[in-house]
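Tertiary structure, described
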Amino acid sequence: MRLVVIGGVAAGLSAAARAKRLDASLEVLVLEKGDQISYSACGLPYLLEGQVRDWRQLVGFTADEFLGAKNVSVRTSTEVAAIAHSRRELTTHSGEKLHYDKLVVATGARARCPEQCMPLHTLADGVRLWEHLRQTPPARAVVLGAGYIGIELAGALRARGWGVTLVDRSEHLLQRDDTELTATLRRVMERHGVRVLLAHNGPPPEAELTVHATGLQPNVTLAEGAGIELGRTGAIRVTERMETNLAGVFAAGDCAETLHRVTGSPTWIPLGTTANKMGRVAGANAAGRRERFPGVTGTSILRACGLGVAFTGVSQAQARQAGFRPAAVRIQSRDRAAYFRGRPVTVELVADCETGRLLGGSVLGEYGVEGRINVLATALQARMTVEDLLGLDLAYAPPYAPVMDALLVAAQQLVKEL
Ligand SMILES: Cc1cc2nc3c(=O)[nH]c(=O)nc-3n(C[C@H](O)[C@H](O)[C@H](O)COP(=O)(O)OP(=O)(O)OC[C@H]3O[C@@H](n4cnc5c(N)ncnc54)[C@H](O)[C@@H]3O)c2cc1C
């Protein structure tokens, strides 16, 4: 029995390793078109900033190491050109035919940008940029696209002392229809010396270096060609078991959509943490188990020039679109006791007026942002109401939190609005 996995990063390798662990008799083969596998794209902004010294630190395993550690064969520089599912056969770009019994498609996403642009998506992109910066440090750099990658990248380049302009066509940062959030983030970034140009439709400003962080799309051409159905999001439609419409063919990671646990609709939120978890489930099911991936609540975090910015669930606008009748509050508090160098923290909470159910929130601050957003993400997953949140027994000691945590302060406000 042979399982073939297409794609050798987060989702693909999680699937391959899990399948092999659960069924040692399975022959597992990973095909990866690039020359590296098992790397952390999430670390690329920190490589460019200089916090990670060498790109090799971002690589978890080489193909040989993966074989040694997981007993899974990986072929790099091997691109799959076509899938003929009726014959359970793959054709590589070099024309080689390979048989599979089970298949996991983990082809990720691709950067949306014009030909010849410099994106920051793959390890190869990051290394190219890293080497370019070492050889030709730019006096001025432009980052196009103010999503989380653009913002992290702009902060990283600015930290190296170069002049950085962050440009976006939209009037908002992070593609969120949130004037207050945009104003806060903009203020923080400008304080760090990043010039922020929003609602900018003209040609990009002059600079020695221009990097595109202008968005992603699911990489589904191969899957589509094989008759694998896509969902409304444009990514591969999968069941809870990560199976596609073709029996025995699974998909996971940035190429696949999943269920949004707050809205109950399919969603496409391409993140490494989700890719790993989806991959594990796809691998388990490909190995004959029955496991399910429960979906996501849309939790994410980024660092914007030292400010932690985190989200979970839906914004007020998204909640309205999803058919809820939302109320929202945004409060300012402190991350620790004021007398213990407490720093400002902003919490936004969104809830449904009819049921009191929590629908989403955001946390902005220097410290403790991940802890607070994770409490909220857990609350969303448990379908808690604002009252439930208010009743949580959260930890307090002056070096870590104020006596009334910022989440509880926000919940206190929000119950008054419902
Ligand atoms: C700069 C940056 C920062 C990020 N930061 C974060 C973060 O902080 N937190 C977070 O959760 N996520 C983050 N992400 C997102 C995260 O890296 C991705 O969600 C994750 O890598 C997705 O894993 P994947 O395996 O689905 O896809 P990918 O990592 O894209 O891997 C897919 C692989 O499939 C290969 N492939 C494609 N087509 C073929 C084919 N036909 N034949 C053979 N191989 C093929 C590709 O070469 C690729 O190596 C970041 C991404 C970037 C770029």
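This text goes with the structure placed above it.
The written sequence of each chain sets the order in which its residues are numbered from 1. Under the rules for a predicted model, residues below a pLDDT of 70 receive no local features and side-chain atom pairs below 80 are neither given nor counted, while totals for whole chains, interfaces and linings still include all residues. Hydrogens and water molecules were not included; the side-chain quantities draw on all heavy atoms of the structure.

1. Focus on the site of the ligand
Rules: Near, as used in this document, describes a residue that has one of its heavy atoms within 4 Å of the molecule or strand being considered. Definition of a polar contact: a pair of N or O atoms within 3.5 Å, with one able to donate and the other able to accept a hydrogen when the atoms are protein atoms, and with sequence-neighbouring residues admitted only if both atoms are side-chain atoms. Throughout, the Shrake-Rupley method with a 1.4 Å probe supplies accessible areas, and for residues the shown protein chains are the sole cover considered. Each helix corresponds to a stretch of at least 4 residues labelled H or I by DSSP, and each strand to a stretch of at least 2 residues labelled E; elements are numbered beginning at the N terminus.
Taken together, 31 residues surround the ligand, and among them Ala11, Glu32, Asp254, Leu271 and Gly272 come closest. A distance of 2.9 Å is found between an oxygen atom of the ligand and a backbone nitrogen or oxygen belonging to alanine 11. Residue valine 80 places a main-chain N or O atom 3.0 Å away from a nitrogen atom belonging to the ligand. Burial of the ligand by the surrounding chains reaches 89%, relative to a free accessible area of 1000 Å². Of all the secondary-structure elements, those providing two or more residues to the shell around the ligand are helix 1 (10-22), helix 5 (148-159) and helix 8 (272-286). Counting residues per element, the shell around the ligand draws most heavily on helix 8, which supplies 3 residues.

2. Quick look at unusual backbone geometry
The phi torsion at asparagine 71 lies on the positive side, around 60°, for a residue other than glycine. Summarising the element assignment, asparagine 71 is placed in the loop between helix 3 (63-70) and strand 3 (73-75). Residue alanine 199 is not a glycine yet carries a positive backbone phi of 50°. Along the chain, alanine 199 falls in the loop between strand 11 (194-197) and strand 12 (209-212).

3. Focus on the state of the cysteines
What counts is decided by this rule: The disulfide criterion used throughout: a pair of cysteine sulfur atoms within 2.5 Å.
This model, assessed by the stated rule, comprises 1 disulfide. Residue cysteine 305 stays outside any disulfide, its sulfur separated by 19 Å from that of cysteine 42, the closest cysteine.

4. What to know about the pairing of strand 4 (residues 80-84)
Here is the rule we go by: At least two DSSP bridges between two strands are required for those strands to pair.
In this structure, strand 4 lies alongside strand 5 (residues 89-92), joined through 4 bridges in antiparallel fashion. Note that in strand 5 the partner of alanine 84 across the bridge is glutamate 89. Linking strand 4 back to strand 5 in an antiparallel pair, the connection comprises 4 residues, with arginine 88 at a positive phi of about 50°.

5. What to know about the sheet that holds strand 19 (residues 326-334)
The criterion, for reference: Comment: axis = line fitted to C-alpha atoms, over the contacting stretch for helices; angle = value between 0 and 180 degrees taken between N-to-C directions.
One open sheet accounts for 5 strands, arranged 17-18-21-20-19; its pairing is antiparallel. Taken across any chain shown, the strands that pair with only one partner, and hence form the sheet edges, are strand 17 (300-304) and strand 19. Averaged over all pairs of adjacent strands, the angle between their axes in this sheet comes to 10°, without regard to strand direction. By the bridge criterion, 6 bridges tie strand 18 (residues 307-313) to strand 21 (residues 358-365) in an arrangement that is antiparallel. Bridge pairing in strand 21 links glycine 308 to glycine 365.

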